[in-house]
Each structure stands twice: as C-alpha cells, then as structure tokens.
Amino acid sequence: MKVLVVGGGGREHAIIKKIKQNPRVDEIYALPGNGGIARDAVCVSISATDIEGIRRFALENAIDFAVVAPDDPLVLGAVDVLEDAGIKCFGPDKKAAIIEGSKVFSKELMHKYGIPTAEYKVFDSQKEALSYLDEAEFPQVIKADGLALGKGVIIAFTKEQATDAIKSIMQDKIFGASGNRVVIEEFLKGPEVSVLSFTDGKTIVPMISSMDHKRALDNDMGLNTGGMGTIAPNPFYTEEVASECMEKIFLPTIRAMNAEGRKFKGCLYFGLMITPKGPRVIEYNCRFGDPETQVVLPLLKTDLLDIMMAVREERLENVDIEFSSQAACCVIMASSGYPSKYSKGYKISVPDSLIEKIYVAGASLDPEKGLVTSGGRVLGVTAKADSLGDAVKAAYDMVGKISFENAYYRRDIGKRALDAINSKG
Ligand code: AMP
Ligand code: GLY
C-alpha cells in the first residue's frame, strides 16, 4: 500500500512511525514532511495547504490511503477534494471540520445541545464587544472565531487587557478574517485534560487521556505555545470523570454533529477542564493534538492504519482498540525565544541510539551539517515506562544526550501530574 500523510511536524512524525508498523504498507509519502521525517517517509515539498497540489500528487502516485493531519487543510476541505478524486482519506470533511474552524459554531453547538462549556457571548461588532466589558467581571476569556495558530485565545485579567485584545483581533486583524467575530467567555478553573478520540460518526472510542503543558516557561508561566510537552495518562481523568465525559460530552457531541448534518469521521479532540462543577469543554479540535499524539500513539497497541480505515468505512464498532498500561512523557526541545522570535539553522547532535526514537518537528536536512533547526518546536523526546515518574525521568535522560545551540525546554513536564499522583498516595 502507498500511504500519504499531509503535514510536517512532530505529530505527523508520530503518525508516520505508527503507520509504518503495518506490514501492508510499502511506501509512505509526507507532504511536506521535514528533515527527520525523511528517515521514515519520502518527503515531497508540497505545502499542507496546497490542496490542488496534494490532489494531483495523490492521483499521479496512485495513493491508496491519505491521512490529513493538520487543522488548516481539514478546515479548507482537503478531505472532500481527495475523496471526490477517489482517494480514500482519514479525517473529517469540511462540514465537520468547522467544529475547530469556528469557535462561534462550536459554542453554539454546545449551547443548542446542552453540552457543558463556559458561559459565553458572541460579538461581530467591536463596539458591542467593548461595551459588554463595562458590566463584565474579570478575568474574561477572549477568543477569535477562526483558526489562529493556537494564539487566538487571550485571558484578560483586567478591562484594559480585554480592550486591547478585542481591538487587536477585531480592528488590527492580527489573525486576519479569523477575527471578524469574537467569543467572550467565562474564565474556568481546574486541571486540563486532552482526550483524543476515534469516531466514525456512529461509535466513539476515546484514546488514552493526556495532559499538555501549553505555557512556554516552567510553572505555567510565559506565553501560550502550541504545547511544550505532554504526559499520558492524565491522573485527573479518573474513571468517574471519564464516564461523565462519555455521557455528557462525547456521545452528545457525535449526536449533535449528526443532527446538524455534519457527521464527524476522524480524530475528534476534546480539550477539557475538570472544574468543581464537573468537566467542561474548553475547545474541540478536528484532528490529533500536537504534542498529545507523541505520547498517545506510542501507547496504542492496535494497528493505527487498520483503525483509520475502519473509521472511514464506518465500522469502528467492530474494532477492538487497546492501549498499553504504561505511561509516557514527551518533552519538547524548542528554539529559545519560541513562541516569539527565535533564530534557526543550528546543527542538532543526537546519538545514533536515539535518532530512531525521537519525533522531529522543526528541523531540516542541511547537505553539510545534517539535521538543523528550522522551527520553534524542534524535537519531541518521548519515553515510555511502567510508571509516569520513570517515563518522565527517561525522557529527560534522553533530552540530556541531545544538544543544539539555542535549545530550550521546560524542566517541569509531568510535575503537576506526579504531584497529583503522589498526593493521592
Ligand atoms: P485553546 O487555544 O482554545 O486551547 O485555549 C488555550 C488555552 O487557554 C487553554 O488550554 C486554556 O488553558 C485556556 N482557556 C481557554 N478557554 C478558557 C476558559 N474559558 N477559562 C480558562 N482558561 C481557558
Ligand atoms: N496541543 C494542543 C493542540 O494540538 O491544539
């Protein structure tokens, strides 16, 4: 079989390494891939948002199955275009991908179907958004409606901060048309849990839970990033919470999307907050999370490609999906300065014994230097072990053996989870 994976980050590297384990796979193409993915797949320099280029490549190369991993091509309708051309795909169509593509859509969906989430208001006029702040209590959370590279959410602790956020989104259009509308919502508190799920629109199978570490600096300080590290499973996601989520969030979401004529098939990501009043949806993503995938897939025991094909053919009900009882930790090694300005082009030194084990996100191949840094998040260093404590330790041991100029990583990935485990005794 020839498989194509759209995307070129650490998440795609984890997906590719897993798909490679399927004995029927002869060749994997990554569009565009990256310098590390090139060890596992044929990288082709077609951008993930060049939908026409992807379609042509898939047809010319007789691709048997395509996985569209990132949000932008999904929201642009890559799956619709490929399926229309006769290419079998894993991922939601454009109508379903709106669950991530528009926060206004997702909030209205949750409101209409009684799915627990933060209280909110939608504004398409800046004037009205600003005057709403006059009566509001702070903090408030301001969200641009559309995709914004994970930066479209601002937590405003004062009216001034909220005013600045609204002006920069709606007037200065820092996120372009994504800021034509804003959602202003209630600030919630509690530990966050990421739950990725497989769904074919009929059956939903949550994967092992995980915890992202979104802020750039230790102790959850600094700017929001795409994610600086992850652990799985998430100790705050107890069996009790899981069954409440299934009943009040997961199944209702699948039914709601069906009722709206937007059947969701693919990986549906639930960003949850476990509040004192119960779990609430913070966000939906229409795809695998990054770097959640880098801890979730290493623990998946069932063949990934088989699951993906079952999702497409709507026979997930008949697939037995198993996860390991181990724990995993992924530490992101980033370029110092990320998520703001950073320099790149530095040679990455990785011992041969580790190169096969790491997930490469922002690195390219230089003809002289070999693997060099080319992005903000550079590597995802994942380790598995029987306990979370051992997985964290093993991941940091690996990080200690890898070096590049300007490298930066958080030192406290897994700390909050381990504190929770230890306090439970
Ligand atoms: P998102 O880009 O939607 O994942 O949001 C980024 C981060 O902002 C989330 O991971 C939360 O930490 C935080 N956040 C989003 N919405 C809320 C909310 N209503 N209350 C508190 N924190 C929030
Ligand atoms: N790690 C968060 C996300 O993928 O959106």
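The structure we're discussing is the one just above.
Here goes a summary of the coordinates provided. In this numbering scheme, every chain counts its residues from 1 along its sequence in written order. Labels are handed out in written order, letters beginning with A for the chains and numbers beginning with 1 for the ligands. Local features in this predicted model are restricted to residues of pLDDT 70 or higher, and side-chain atom pairs are both shown and tallied only at a pLDDT of 80 or more, whereas totals for entire chains, interfaces and linings draw on every residue. In computing side-chain properties, one takes all heavy atoms of the structure into account and sets aside hydrogens as well as water.

With that settled, consider the overall build of the protein chain. The helix and strand tally for the protein chain stands at 14 helices and 23 strands. In terms of overall dimensions, the protein chain is globule-like: its C-alpha atoms have a radius of gyration of 21 Å, near the 22 Å expected for 425 residues. Dimensions of the protein chain along its principal axes, counting C-alpha atoms only, are 60 × 45 × 45 Å. Residues classed as buried in the protein chain amount to 56% of the 425 residues present. In the protein chain, of all internal contacts separated by at least 6 residues, the share reaching a separation of at least 24 is 68%. Values of accessible area rely on a 1.4 Å probe in the Shrake-Rupley scheme; residue burial ignores everything except the protein chains shown. Counting every atom, the protein chain has about 17,900 Å² of accessible surface; 48% of that belongs to carbon and sulfur. Charge assignment in this entry is limited to Lys and Arg as positive and Asp and Glu as negative, and neither His nor the chain termini are counted. Lys charges are placed at NZ, Arg charges at CZ, Asp charges at CG and Glu charges at CD. Between the mean site of the 52 positive side-chain charges and the mean site of the 58 negative ones, the protein chain shows a separation of 1 Å. Elements are defined by DSSP. Helices are runs of H or I of four residues or more, strands are runs of E of two residues or more, and each kind is numbered from the N terminus. Every radius of gyration here is taken over C-alpha atoms, with the globule rule written as 2.2 Å times N^0.38, N being the number of residues. Here the term buried applies to any residue with accessible area under 20% of the maximum for its type, exposed to any over 50%, and partly exposed to those in between, with areas from a 1.4 Å probe on protein chains only. In this analysis, two residues are considered to be in contact whenever any of their non-hydrogen atoms come within 4.5 Å of each other.

Locating Asp 145 in the fold gives a position in the loop between strand S7 (140–144) and strand S8 (153–156). Of the residues examined, Asp 145 reaches a relative accessible area of 10% and is grouped as buried. At 2.9 Å, the side chain of Asp 145 and the backbone nitrogen of Val 104 are in polar contact. Excluding anything up to four places from it in sequence, Asp 145 contacts Gly 101, Ser 102, Lys 103, Val 104, Ser 178 and Arg 181. N or O atoms within 3.5 Å of each other form a polar contact, as long as, within protein, one can give a hydrogen and the other can take it, and as long as residues adjacent in sequence are counted only when both atoms are side-chain atoms.

Such a bond, covalent and formed between the sulfur atoms of two cysteines, is termed a disulfide. A pair of cysteine sulfur atoms is labelled a disulfide when the two atoms are within 2.5 Å. All chains considered together, the criterion is met by 0 disulfides. Free cysteine Cys 89: the closest other cysteine sulfur is in Cys 286, separated by 13 Å.

On to the nonpolar core. Of all hydrophobic cores here, the largest spans 46 residues; its most connected members are Leu 4, Ile 99, Phe 250, Phe 270 and Leu 272. Residue contributions to this core peak at 7 residues, all from helix H9 (residues 239–259). Those residues in contact with Phe 250, other than ones at most four positions away along the chain, are Val 195, Ile 204, Pro 206, Tyr 237, Cys 245, Phe 270 and Leu 272. One finds Ile 28, Val 295, Val 296 and Ala 334 within the second-largest nonpolar core, a separate group that totals 44 residues. Residues enter a nonpolar core if they are buried and are Ala, Val, Leu, Ile, Met, Phe, Trp, Tyr or Cys, with the set joined through side-chain atoms within 4.5 Å.

This paragraph deals with helix H11 (residues 304–312). Structural remark: α-helix, 3.6 residues per turn; residues separated by three or four positions point the same way. With 7 of 9 residues buried, H11 is to be regarded as a mostly interior element. Looking only at H11, the buried set comprises Leu 304, Leu 305, Ile 307, Met 308, Met 309, Ala 310 and Val 311. Buried residues belonging to H11 abut strand S1 (2–7), helix H1 (10–19), strand S4 (65–68), strand S5 (89–90), strand S10 (192–199) and strand S16 (266–275). With a side-chain oxygen lying 3.1 Å from the backbone nitrogen of Leu 305, the N-terminal cap of H11 falls on Asp 303. A positive backbone phi angle near 55° is found at Glu 314, which sits one or two residues after H11.

Looking only at helix H5 (residues 94–101), the buried set comprises Ala 96, Ala 97, Ile 99, Glu 100 and Gly 101. Where H5 is buried, its residues touch helix H3 (71–76), helix H6 (103–113), H9, S16 and strand S17 (278–285).

Near is defined per residue: the residue qualifies when any heavy atom it owns lies within 4 Å of the molecule or strand. The full set close to ligand 1 counts 15 residues, and Glu 185, Glu 186, Leu 188, Glu 192 and Glu 283 are the nearest of them. Glu 185 is positioned such that a nitrogen or oxygen atom in its side chain is 2.7 Å from a nitrogen atom of ligand 1. Here Lys 214 contributes a side-chain N or O atom positioned 3.0 Å from an oxygen atom of ligand 1. Computed on the free molecule, ligand 1 has an accessible area of 480 Å², of which 92% lies beneath the protein chains in the complex. For the shell around ligand 1, the elements supplying multiple residues, two or more each, are S7, S8, strand S9 (182–186) and S17. Residue composition of the shell around ligand 1, by class: 8 nonpolar, no polar and 7 charged. Gly is put with the polar residues, along with every residue not named as nonpolar or charged; the nonpolar set is Ala, Val, Leu, Ile, Met, Phe, Trp, Tyr, Cys and Pro, and the charged set is Asp, Glu, Lys and Arg.

Another aspect to go through is the sheet that holds S10. An order of S11-S10-S16-S17 is seen for the 4 strands of this open sheet, with the pairing classed as antiparallel. Two strands lie at the open edges of the sheet, namely strand S11 (204–206) and S17, each paired on one side alone. The sheet shows a mean angle of 35° between the axes of neighbouring strands, direction not considered. As paired elements, S16 and S17 share 7 bridges and run antiparallel to each other. Considered in S17, the bridge of Ile 274 is made with Pro 279. Two strands are counted as paired when DSSP detects at least two bridges linking them. Axis definition: a line fit to C-alpha positions, over the contact stretch in the case of helices; interaxial angles, taken between N-to-C directions, run 0 to 180 degrees.

Let us now look at the pattern of salt bridges. Each salt bridge in this description consists of a side-chain nitrogen of Lys or Arg and a carboxyl oxygen of Asp or Glu lying within 4 Å of one another. For the coordinates displayed, the defined rule picks out 27 salt bridges. Residue Asp 40 is joined to Lys 20 by a salt bridge in which the shortest nitrogen-to-oxygen separation is 2.8 Å. Placement of Asp 40 in the loop between strand S2 (27–32) and strand S3 (42–43) and of Lys 20 in the loop between H1 and S2 is noted, with a sequence separation of 20 residues between them. Here Asp 40 falls in the buried class, since its relative accessible area comes to 10%. Through salt bridges with shared partners, a single network forms among Lys 17, Lys 20, Arg 39, Asp 40 and Glu 356.

The next subject is the packing of helix H13 (residues 388–399) against helix H14 (residues 415–424). Relative orientation of the contacting elements H13 and H14 amounts to 155°, with a least axis distance of 10 Å. Classified by the angle their axes make, H13 and H14 are roughly antiparallel. The way H13 lies across H14 gives a crossing that is left-handed. Of the residues in H14, those in contact with Leu 388, Gly 389 and Val 392 of H13 are Ala 417, Leu 418 and Ile 421. The residue inventory of the contact of H13 with H14, partitioned by class, reads 5 nonpolar, 1 polar and no charged. Any angle that is under 35 degrees is reported as roughly parallel, and any over 145 degrees as roughly antiparallel; angles of 65 to 115 degrees are reported as roughly perpendicular and all others as oblique. In this scheme the handedness of a crossing depends on how the near helix is turned from the far one: anticlockwise by less than a right angle means left-handed, clockwise means right-handed.

As far as function goes, none of this settles anything; it's purely spatial.
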